[in-house]
Amino acid sequence: MQGKTILITGGTGLIGSRLTNILTEKGNTVHVLSRSKHKDSDRIKYFQWNIAKSEIDENAVLVDYIVNLAGNGIADKRWTQNRKRLIRDSRIQSLQVLEKALKNTGHYPEAMVSSSAIGFYGNRGSEILTEDSLPQEGFLGDTCKEWENQASKVFEYTKRGTIVRTGIVLSTKGGALQKILMTSPLRILQYFGSGKQYYSWIHIDDLCNVIIQSLNDGRYKGVINAVAPKPLTNREFIKCVSEGLGGGYLIIPIPSFALKLVLGEMSSVVLDSTRVIPYRLNKLDFSYEHPDLVSAISHLTETKI
């Protein structure tokens with residue numbers, strides 16, 4: 001992809017920032033929506049919106065493609081009722097504002113990618129989950145269903161739409177890996193609860209490539225699981241992190257009761273088991289740059305991505 005214009009909502013977040021870098025390095029122009037004013041750079045143009053007030057600079061949507069990553073972080077703060085409402089509303093309302101802008105302008109982008117999450121599937125033990133697996137009731141499952149349903153409404157104003165259900169995104173600049181590595185200077189790594197719960201993960205660059213392919217390739221439509229080929233149990237995952245860092249780390253458990261005491265309902269983020277496979281990406285012959293966790297960790301820590 002080169003010479004295109006792409007709107008990214010959530011463009012200043014972890015994934016959005018990396019995706020913006022990759023796209024602009026390839027010679028594209030990125031529109032970023034923000035609540036505050038920013039100075040434009042060579043290939044990045046900023047536009048303002050206010051999701052709560054349903055306000056947006058509609059020039060932002062006059063683009064070739066849209067990538068929707070907007071939404072407050074799932075694991076940033078303890079889940080009070082207000083926090084849960086904010087997590088849900090930030091996702092649904094941002095899509096409603098986009099829908100309104102596209103409808104008002106009459107502009108139909110070539111394609112849109114809207115983010116979702118594997119929280120859609122819920123806590124499913126060792127069950128192997130594909131794009132056709134049913135959702136599970138609960139806060140995350142219900143939020144993801146609403147999120148995807150609203151995205152489908154926005155797709156009516158684009159020529160093609162893809163929903164990307166994202167696994168645990170690995171980056172040293174934020175998210176789960178940054179938290180996992182907090183004890184690494186002490187030569188200690190920790191797994192959670194029994195450690196038998198499955199984690200489905202993806203290197204941030206592979207996720208960005210899934211998004212770019214979904215914009216470029218007409219075969220990428222509907223729902224796609226954006227995860228690496230091999231989900232791992234939490235204990236296996238942490239062992240691979242240790243190997244990727246060079247080995248020699250003491251690996252200790254954090255008991256489930258302690259996590260529930262400190263995190264409350266949010267402890268489900270680390271204790272739930274979601275064994276997701278990228279069935280559709282495999283069928284599409286998607287080429288992973290980092291399919292192996294040990295080498296993915298080595299690459300991330302060496303490059304500081």
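As shown above, the structure is provided for reference.
Worth saying up front: this structure is predicted, and the values here are computed from it rather than measured.

Caption draft 1: Molecular detail of the overall build of the protein. Of the regular secondary structure elements, the protein holds ten helices and 16 strands. Its C-alpha atoms give the protein a radius of gyration of 19 Å, within 12% of the compact-globule value 19 Å for 305 residues. For the C-alpha atoms alone, the extent of the protein along its principal axes is close to 55 × 40 × 40 Å. Residues classed as buried in the protein amount to 52% of the 305 residues present. Surface summary for the protein: the accessible area is close to 14000 Å², and the carbon and sulfur share equals 48%.

Caption draft 2: Quick peek at the pattern of salt bridges. Within the structure shown, the criterion is met by nine salt bridges. Two residues, Arg124 and Glu127, come together in a salt bridge whose shortest N-O distance is 3.0 Å. For Arg124, a relative accessible area of 17% corresponds to the buried category. Overall, Glu127 belongs to the partly exposed group, its relative accessible area being 37%. Among the ionic pairs, Asp142 bridges to Lys145, the shortest N-O distance being 3.6 Å. Of this pair, Asp142 and Lys145 both sit in helix α3 (residues 139-155), three residues apart, which is roughly one turn of that helix. Overall, the relative accessible area of 28% leaves Lys145 in the partly exposed class. Here the salt bridges do not stand alone but share partners, grouping Arg88, Asp89 and Glu146 into one network.

Caption draft 3: Structural detail: the packing of helix α2 (residues 81-105) against α3. One way to put it is that α2 packs onto α3 with a least axis distance of 9 Å and a crossing angle of 5°. Regarding the angle of α2 to α3, the classification is roughly parallel. For the pair α2 and α3, contact is made by Lys84, Ile87, Arg88, Arg91, Ile92, Leu95, Gln96, Leu98, Glu99 and Leu102 and by Phe139, Thr143, Glu146, Trp147, Gln150, Ala151, Lys153 and Val154, respectively. Looking at the contact of α2 with α3, its residues break down into nine nonpolar, three polar and six charged.

Caption draft 4: Here's a closer look at the pairing of strand β3 (residues 44-50). Here five bridges tie strand β2 (residues 29-34) to β3, and the two strands are oriented parallel to one another. In the sheet register, His31 faces β3, and the bridge partner there is Lys45. From the end of β3 to the start of strand β4 (residues 55-56), which pair antiparallel, there are four residues, and Ser54 there has a positive phi angle of about 55°.

Caption draft 5: Structural view of the packing of aromatic side chains. The final tally for this structure, using the stated rule, is five aromatic pairs. Ring centres of Trp79 and Phe139 lie 4.9 Å apart, and the angle between their planes is 70°; on these two criteria the pair is classed as edge-to-face. Pair noted here: Trp79 is in the loop between β5 (65-68) and α2 and Phe139 is in helix α3, with a separation of 60 residues, a long-range link. By the burial criterion, Trp79 is buried, and Phe139 matches it. Note that Lys84 overlies the ring of Phe139, its terminal NZ or CZ placed 5.2 Å from the centroid. Here the basic side chain of Arg165 rests over the ring of Phe120, its NZ or CZ set 3.6 Å away from the ring centre.

Calculation notes
Residues numbered from 1 in each chain as written. Predicted model: local features only at pLDDT ≥ 70, side-chain atom pairs only at ≥ 80, totals over all residues. Heavy atoms only, no water. Helix = DSSP H or I, 4+ residues; strand = E, 2+ residues; numbered from the N terminus. Rg over C-alpha atoms; globule rule 2.2 N^0.38 Å. Buried < 20%, exposed > 50% of the residue type's maximum accessible area, 1.4 Å probe, protein only. Areas by Shrake-Rupley, 256 points an atom, 1.4 Å probe, with all protein chains shown as cover. Salt bridge = Lys/Arg side-chain N within 4 Å of Asp/Glu carboxyl O. Axes fitted to C-alpha atoms, helices over the stretch in contact; angles between N-to-C directions. Parallel < 35°, antiparallel > 145°, perpendicular 65-115°, else oblique. Contact = heavy atoms within 4.5 Å. Nonpolar A, V, L, I, M, F, W, Y, C, P; charged D, E, K, R; others polar. Pairing = 2+ DSSP bridges. Phe/Tyr/Trp six-rings, centres within 6.5 Å; stacked < 30°, edge-to-face > 60°. Lys NZ or Arg CZ within 6 Å of the ring centre and 35° of its normal.

Function cannot be inferred from these measures alone, as they are strictly geometric.
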